[in-house]
Amino acid sequence: MSEEREIALEARAVKASRMFSPSAARNRDPIREAFLALMPRQGTIVEIGSGTGEHAVHIAAAAPLLFWRPGDPDAASRASIAAWTAHLSLENVAAPHAVDASIAGWEAAFDEADGVVSINMIHIAPFEVAEGLIAGASRLLKPGGRLFLYGPFSRDGVHTSPSNAEFDAALRARDSRWGVRDLERDIAPLAESVGLSIVAVVAMPANNFSAAFQKAR
Ligand SMILES: C[S@@+](CC[C@H](N)C(=O)[O-])C[C@H]1O[C@@H](n2cnc3c(N)ncnc32)[C@H](O)[C@@H]1O
């Protein structure tokens, strides 16, 4: 049975619990390539705000030495993650967790991780969520472990395109606590303050960026 549901600002088709995100379909290949270039190829990856789970299964299917721990506070998203994992018979993807990154101490739900990833999340959430994500990631990561963020970012106070400026305004109109984050002014200093140094920034299609941060060895 197929239906449609609005979540995280987009209409998603739903088929036997599996949700289909139009933006994930467009961006999943370049995100996977950036992830595989910047992140560990083996060990445990904790994903925060996995949404439909499509990025999780797309990357995990290509990297069998990774053990992927996807999750989302939204129950329908967790059902979708589990359904995608079962649909593709992936043995390196765990049952979804329900971590809310704004809750201090969320990282206690896991043992240490080689990587933490959050895709398209910190602009559609209050800034406290970015703060909680980055602080928890720093505590969870092994020495040398990496945090991977993907999404729209402004760079040193400047939007990288008119469409990102419009998107930022639309986000803030929807919820004044949301908004496109600034990589140099907001995120890198926050990461630095908890011992995560920015090691790579990759320009992605549609005015997005992938950014990798590393915990000292
Ligand atoms: C725009 S969706 C992106 C989903 C997926 N990563 C993708 O790129 O297709 C943002 C996701 O972040 C989740 N989210 C929002 N606030 C969160 C929080 N405080 N902690 C963890 N996840 C959160 C939402 O439930 C939603 O599934």
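Read on for an overview of the structure. Note that the structure is a prediction, hence the values are computed from the model and not measured. The residue numbering used here restarts from 1 in each chain and proceeds along that chain's sequence as written. Only residues with pLDDT of 70 or above have their local features reported here, since the model is predicted, and side-chain atom pairs are shown and tallied only from 80 upward, although totals for entire chains, interfaces and linings are computed over all residues. Note that water and hydrogens are dropped before the side-chain values are worked out from all heavy atoms of the structure.

1. Description of the nonpolar core
How we decide: Remark: nonpolar core denotes a set of buried residues (Ala, Val, Leu, Ile, Met, Phe, Trp, Tyr, Cys) joined through side-chain atoms within 4.5 Å. Type-normalised accessible area, obtained with a 1.4 Å probe on protein chains alone, sets the label of each residue: buried when under 20%, exposed when over 50%, and partly exposed for intermediate values. What counts as a helix is a DSSP run of H or I of at least four residues, what counts as a strand is a run of E of at least two, and both are numbered from the N terminus. Whether two residues touch is decided by their heavy atoms; if any such pair falls within 4.5 Å, the residues are in contact.
In this structure, W106, L133, L147, I187 and F213 are the most contacted members of the largest nonpolar core, which totals 29 residues. Taken together, the elements giving at least two residues each to this core come down to β6 (113-119), α4 (127-140), β7 (141-151), α6 (183-193) and β11 (208-215). The element contributing the most residues to this core is α4, with six residues. When residues no more than four places from it in sequence are discounted, the contact partners of L133 are I48, A101, W106, V116, S118, M121, I122 and L149. Counting residues in hydrophobic clusters, the runner-up holds 24 residues, among them A56, A60, W68 and V93.

2. Re the packing of aromatic side chains
The relation between two aromatic rings is expressed through the spacing of the ring centres and the mutual angle of the planes. Note the threshold: Only centres within 6.5 Å qualify two rings of Phe, Tyr or Trp (six-membered ring in Trp) as a pair; their planes then separate them into stacked at under 30 degrees, edge-to-face at over 60, and tilted for everything else. Each ring is checked for a lysine NZ or an arginine CZ that lies within 6 Å of its centre and within 35 degrees of its normal; such an atom marks a charge sitting over the ring.
Applying the stated rule across the entire model yields four aromatic pairs. Aromatic side chains F35 and F148 sit 5.3 Å apart centroid to centroid with 65° between the ring planes, which places their arrangement in the edge-to-face category. Placement of the pair is F35 in helix α1 (residues 22-38) and F148 in strand β7, with a sequence separation of 113 residues. Following the ring pairs from residue to residue traces out a cluster consisting of F35, W68 and F148. Geometry around W84 places R18 over its ring, the cationic atom sitting 4.9 Å from the centre. The side chain of R155 reaches across the aromatic face of F209, ending 4.9 Å from its centre.

3. Some thoughts on the sheet that holds strand β4 (residues 43-47)
To keep things clear, this is the line we draw: Only when DSSP finds a minimum of two bridges between them are two strands counted as paired. Under this scheme, a helix contributes an axis fitted over its contacting stretch, all axes are lines through C-alpha atoms, and angles between N-to-C directions fall in the 0 to 180 degree range.
The six strands are arranged β5-β4-β6-β7-β11-β10 in an open sheet whose pairing can be described as mixed. The outermost strands of the open sheet, each flanked by one partner alone, are β5 (66-69) and β10 (196-204). With direction set aside, neighbouring strand axes in the sheet form an average angle of 20°. Two elements, β6 and β7, share six bridges in a ladder whose sense is parallel. Among the inter-strand pairings, A113 is bridged to a residue of β7, identified as L141. Of the strands in this sheet, β4, β5, β6, β7, β10 and β11 touch α1, which is tilted by about 155° from β7. Contacting β4, β6, β7, β10 and β11, α4 crosses the sheet at an angle of about 150° to β7.

4. Some thoughts on the site of the ligand
In plain terms, the rule: Each residue is tested against the molecule or strand, and it is near if at least one of its non-hydrogen atoms lies within 4 Å. Contacts described as polar in this section are N or O atom pairs within 3.5 Å, which, within protein, must combine one atom able to donate a hydrogen with one able to accept it, while residues neighboring in sequence count only if both atoms come from side chains. Accessible areas in this description were obtained via Shrake-Rupley with a 1.4 Å probe; residue shielding takes into account the shown protein chains only.
Neighbouring residues of the ligand: 18 residues in total, closest G49, D72, D100, A101 and I119. In the environment of the ligand, a nitrogen atom lies 2.8 Å from a nitrogen or oxygen atom belonging to the backbone of G49. The separation between an oxygen atom of the ligand and a polar side-chain atom of D72 is 2.6 Å. Summarising the interface, the protein chains cover 89% of the accessible area of the ligand, which totals 600 Å² for the free molecule.

5. Side note on unusual backbone geometry
Its identity is not glycine, yet N120 carries a phi of approximately 55°, on the positive side. Unlike most non-glycine residues, D156 shows phi in positive territory, near 50°. Among the structural elements, D156 can be located in the loop between β8 (153-154) and α5 (162-174).

6. Details of the pairing of β4
Operational definition: A clockwise path from the first strand over the helix to the second, with the strands pointing away from the viewer, defines a right-handed crossover.
Examined bridge by bridge, β4 and β5 share four bridges and lie parallel to one another. When the sheet's bridge partners are listed, I45 is paired in β5 with W68. A crossover links β4 with its parallel partner β5, the connecting element being helix α2 (residues 54-62), and its sense is right-handed. Relative to β6, β4 runs parallel, the two sharing three bridges. Across the sheet, residue V46 finds its bridge partner in β6, namely V116.

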